[in-house]
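The primary structure of each chain is shown beneath.
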Amino acid sequence: MNIHNLMEEVVGHRINKLYNQIKEVNACWLTCDCENCRADAISYVLNRVAPRYVVSGRGVIHARDILQDAQIKADIDALGIEGIRIISSTKRPFHSSARTECIVEASEKPVFNFPIIQGSILEGNTFEPLANATVTLKMDGKEVDMADITWANPLNTYSSTKGSYSFWPKAIEAENADETKKFNFSIEVKRPGYDQVNYAFDTVLISENKIRKELDTTVSLKIMDLVMFREEIKNTMNRMIKD
Ligand SMILES: [Zn+2]
């Protein structure tokens, strides 16, 4: 008997597709896309999704049937992009095939390079990660542009990635080198049936001479967990307080 995990094909297919899409949009943070890195990204996802075992040869369920399920596909893609970012941000000196084809957009002026902004959305009753929340990063009330189109704003949270979100704002030109500036951000979280959450924070940056291309997760800005409460629970609590 030959037992096979169908998810290997499904995840392999999606990861290769994601790598190709990231390369197509010229995202310079992708440092390497060799077979080893792709295999690491595939393993990252396979270790975090439920396996789907089949007996080889019976051919009842195919990989493409699994991808018909929009939720499974979204969960794999969310984990896939998370895995690819982590693998790209890890220093891997033994990889000689670093990508060179990426064109780095030169800036005449110094720039403010933003850290990666990361956090998680939790459910107020259970304190479990909350999926299907829409998270928007704003600066002075406006949606913030991302470093490249592989980063979404607004974005959705997924159960596979434990309600987490991460944003990488696009660098902003500065007037002078070594200029210090404070940036005011807010995070807006919406989900049907839940009260909207708004969280404001600021970060002080010093301008640098060039746009940072490397994904450095060690300098990320961690935001406290944001908790969402169901509309009716809060109303009940308000009534209890009044009574
Ligand atoms: Zn590699």
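Below: a short report on this structure. Since this is a predicted model, take the numbers as computed values, not measurements. Residue positions are given per chain, counting from 1 as you read along its sequence in written order. Since the coordinates come from a predicted model, pLDDT governs what is reported: local features require at least 70, and pairs of side-chain atoms require 80 or more to be given and counted, while whole-chain, interface and lining totals use all residues. Water and hydrogen atoms play no part in the side-chain values, which are based on all heavy atoms of the structure.

**Describing the overall build of the protein**
When you go through the protein residue by residue, the secondary structure sums to five helices and 13 strands. Partly exposed describes any residue whose relative accessible area lies between the buried limit of under 20% and the exposed limit of over 50%, with all areas from a 1.4 Å probe on protein chains only and scaled to the type maximum. Considering the protein as a whole, with its 243 residues, one finds that 42% of them fall into the buried category. When contacts within the protein are restricted to residue pairs at least 6 apart in sequence, those whose partners lie at least 24 apart make up 77%. Exposure was quantified through the Shrake-Rupley algorithm and a 1.4 Å probe, taking into account, for residues, occlusion by the shown protein chains and nothing else. Counting every atom, the protein has about 14,000 Å² of accessible surface; 50% of that belongs to carbon and sulfur. The secondary structure listing takes helices from DSSP runs of H or I that are at least 4 residues long and strands from runs of E that are at least 2 residues long, numbered from the N terminus. Working rule for contacts: check all heavy atoms of both residues, and any pair within 4.5 Å makes them a contact.

**A look at the environment of N132**
Assignment of secondary structure puts N132 in the loop between β4 (117–123) and β5 (134–139). Considered as a pair, N132 and T157 are 25 residues apart in the sequence and their alpha carbons are 5.1 Å apart. Excluding residues that lie within four positions of it along the chain, N132 makes contacts with Q71, T157 and R191.

**Observations regarding the pattern of salt bridges**
A pair is scored as a salt bridge if a Lys or Arg side-chain nitrogen falls within 4 Å of a carboxyl oxygen belonging to Asp or Glu. Per the stated rule, a full pass over the model turns up nine salt bridges. D33 serves as the salt-bridge partner of K23, at 2.8 Å between the closest nitrogen and oxygen. Of the two residues, K23 sits in helix α1 (residues 7–24) while D33 sits in the loop between α1 and α2 (35–46), which places them 10 residues apart along the sequence. We classify K23 as partly exposed; its relative accessible area is 30%. With its nearest N and O atoms 3.9 Å apart, the salt bridge here joins E175 to K109. Within this pair, whereas E175 is found in the loop between β9 (172–173) and β10 (180–190), its partner K109 is found in the loop between α4 (70–89) and β3 (111–112), the two being separated by 66 residues in sequence.

**Examining the packing of α1 against α2**
Under this scheme, a helix contributes an axis fitted over its contacting stretch, all axes are lines through C-alpha atoms, and angles between N-to-C directions fall in the 0 to 180 degree range. Where α1 contacts α2, the two axes come as close as 9 Å, and the packing angle between them is 130°. In this view, α1 runs oblique relative to α2, as classed from their interaxial angle. Every pair of crossing elements has a handedness; the one defined by α1 and α2 is right-handed. Touching M7, E8, V11, G12, I15, N16, Y19, N20 and K23 of α1 are C37, R38, A41, I42, V45 and L46, all from α2. For this classification, Asp, Glu, Lys and Arg are treated as charged, while Ala, Val, Leu, Ile, Met, Phe, Trp, Tyr, Cys and Pro are nonpolar and the rest, including Gly, are polar. Each residue belonging to the contact of α1 with α2 can be placed in one class, and the counts come to nine nonpolar, three polar and three charged. Roughly parallel covers angles under 35 degrees, roughly antiparallel covers those over 145, roughly perpendicular covers 65 to 115, and oblique covers all other angles. Handedness of each helix crossing follows the sense of rotation of the near helix against the far helix: counterclockwise by less than a right angle gives left-handed, clockwise gives right-handed.

**Focus on α2**
For α2, which comprises 12 residues, the first-to-last C-alpha distance of 16 Å matches the rise-based estimate of 16 Å (1.5 Å per residue) to within 8%. Along α2, the positions that sit buried rather than exposed are C37, R38, A41, I42, Y44 and V45. Looking down the long axis of α2, one finds its buried residues gathered within 155° of arc, a one-sided arrangement. Exposed residues on α2 whose side chains face more than 90 degrees from its buried face are E35 and N36. Where α2 is buried, its residues contact α1 and α4. Between the first and last residue of a helix there are one fewer steps than residues, each counted as 1.5 Å, and that sum is the expected span. Taken from the helix axis, the directions to the C-beta atoms give the arc we talk about.

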